[in-house]
Amino acid sequence: MNATIAMITFRAMLGRRRALLLLGLPLVMLVLAVVLRATGNDDLDVSTEVLQKVALAALLPLLALIAGTGVIGPEIDDGQIMYVLTKPIPRQVVVLTKLAVAIVLVTAFAVVPTLLAGLVLTGTTAGLTPAFTVGVLVGGVAYSAVFVALAVMSRNAVTIGLLYALVWESLLGSFAPGAKQASIQQWAMSVTDKLTSASPVESTVSLPVAITLLVAVTVVGTFLAAFRLRSLTVASAE
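How each quantity is defined
- Residues numbered from 1 in each chain as written.
- Predicted model: local features only at pLDDT ≥ 70, side-chain atom pairs only at ≥ 80, totals over all residues.
- Heavy atoms only, no water.
- 1 Å grid on protein atoms, 1.4 Å probe; cavity = no way out; pocket = protein on both sides within 12 Å on 5 of 7 lines; lining within 4 Å.
- Points joined across faces, edges and corners; volume = space filled by probe spheres on them.
- Helix = DSSP H or I, 4+ residues; strand = E, 2+ residues; numbered from the N terminus.
- Nonpolar A, V, L, I, M, F, W, Y, C, P; charged D, E, K, R; others polar.
- Contact = heavy atoms within 4.5 Å.
- Phe/Tyr/Trp six-rings, centres within 6.5 Å; stacked < 30°, edge-to-face > 60°.
- Buried < 20%, exposed > 50% of the residue type's maximum accessible area, 1.4 Å probe, protein only.
- Patch = residues over 30% accessible without salt bridge, like charges linked within 9 Å, V, L, I, M, F, W, Y side chains within 5 Å.
- Areas by Shrake-Rupley, 256 points an atom, 1.4 Å probe, with all protein chains shown as cover.
- Salt bridge = Lys/Arg side-chain N within 4 Å of Asp/Glu carboxyl O.

Under an unreviewed UniProt entry, the name given to the protein chain is ABC transporter permease, and the organism recorded is Actinomadura syzygii.

Engineer: Hey, could you run me through the layout of surface pockets in this one?
Structural biologist: Any empty space left between the atoms is revealed when a probe the size of a water molecule rolls over them. As a volume, the second largest pocket reaches approximately 240 Å³. Taken together, 14 residues form the lining of the second largest pocket, with Ile5, Ile8, Glu75, Tyr83 and Val84 sitting closest to its centre. Those elements that place two or more of their residues in the lining of the second largest pocket are α1 (3–14) and α5 (81–85). For the lining of the second largest pocket, a count of residues per class yields 6 nonpolar, 4 polar and 4 charged.

Engineer: What should I look at first to understand the environment of Gly161 in this one?
Structural biologist: Within the fold, Gly161 resides in helix α8 (residues 157–175). Gly161 sits 142 residues away from Ala19 along the chain, and the two C-alpha atoms are 19 Å apart. Setting aside residues no more than four positions away along its own chain, Gly161 makes contact with Leu65, Phe147 and Leu150.

Engineer: Would you explain unusual backbone geometry in this entry?
Structural biologist: Most of the time, phi is negative for any residue but glycine, and the peptide bond is trans. Even without glycine at this site, Ala126 takes up a positive phi of about 60 degrees. Within the fold, Ala126 resides in the loop between α6 (91–122) and α7 (128–153).

Engineer: Before we go on, may I ask you to explain the packing of aromatic side chains in this structure?
Structural biologist: Given two aromatic rings, one states the distance between the centres and the angle between the planes to describe the pair. One pass over the full model with this rule turns up 2 aromatic pairs. When the centroid spacing of 5.8 Å and the interplanar angle of 15 degrees are considered together, the rings of Tyr143 and Phe147 count as stacked. Of this pair, Tyr143 and Phe147 both sit in helix α7, 4 residues apart, which is roughly one turn of the helix. Across the pair, exposure class does not vary: Tyr143 and Phe147 are buried alike. Here Phe223 and Phe227 contribute two aromatic rings whose centre-to-centre distance is 6.2 Å and whose plane-to-plane angle is 20 degrees, an arrangement assigned as stacked. Taken together, the residues span about one helical turn, with Phe223 and Phe227 both in helix α11 (residues 207–237) at a distance of 4 residues. By the burial criterion, Phe223 is exposed, and Phe227 matches it.

Engineer: How should a nonpolar patch on the surface be read in this particular structure?
Structural biologist: Together, Met153, Val220, Phe223, Leu224 and Phe227 give the surface a local cluster of nonpolar side chains, amounting to about 490 Å² of exposed area. Counting residues per element, the nonpolar patch draws most heavily on α11, at 4 residues. Looking at where Met153 falls in the secondary structure, it is placed in helix α7. In this structure Met153 comes out as partly exposed when scored by relative accessible area, which is 43%.

Okay, structure coming up:
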């Protein structure tokens, strides 16, 4: 970890128009939760639908995409990353710092709002709220690693990330059972399912497989980002 890089990255992320999206998306979910609670439409089934389809399936990947690509992608595009790479800072430290910032942002703008929305909707009934909070957290870590790696490896990281989140996980995942096995959303859902007794929560991936894949994706994504960052240095020198 490098405190200076982290501070600069936080300042850049929270000072851009991305900050509006980081704030706006969870606000919509919280307003929805309040409206459902006020109108009495907050039974366990409805609460599960909101936390699963809004928090886990929609809010989390979009926020992780904004945070994961935003912490390093713009610096690569405009060449500012080379200023960091000329310093005697190991490339893995740069990547780990950027990833840590992305995870903190996802925690603040996705995990915490999920906890608040769950408490508004159903409190701690059947352990639904803490289960989804943990599920969003572990999914957010994996998503962040993937999107940081994409941002380092491609200038089209946002487009690729949207295709993965919206087409692969949301569209194909609904019709192709095999696609669910390669879905961060489903791996996070498996963790959620284990932590709650609510019957509406169902996962399609076993917990040991889900945890193994979550860890593997996080580690591989971090490694690929650090490896690619080294090649960027070599390319610039040449």
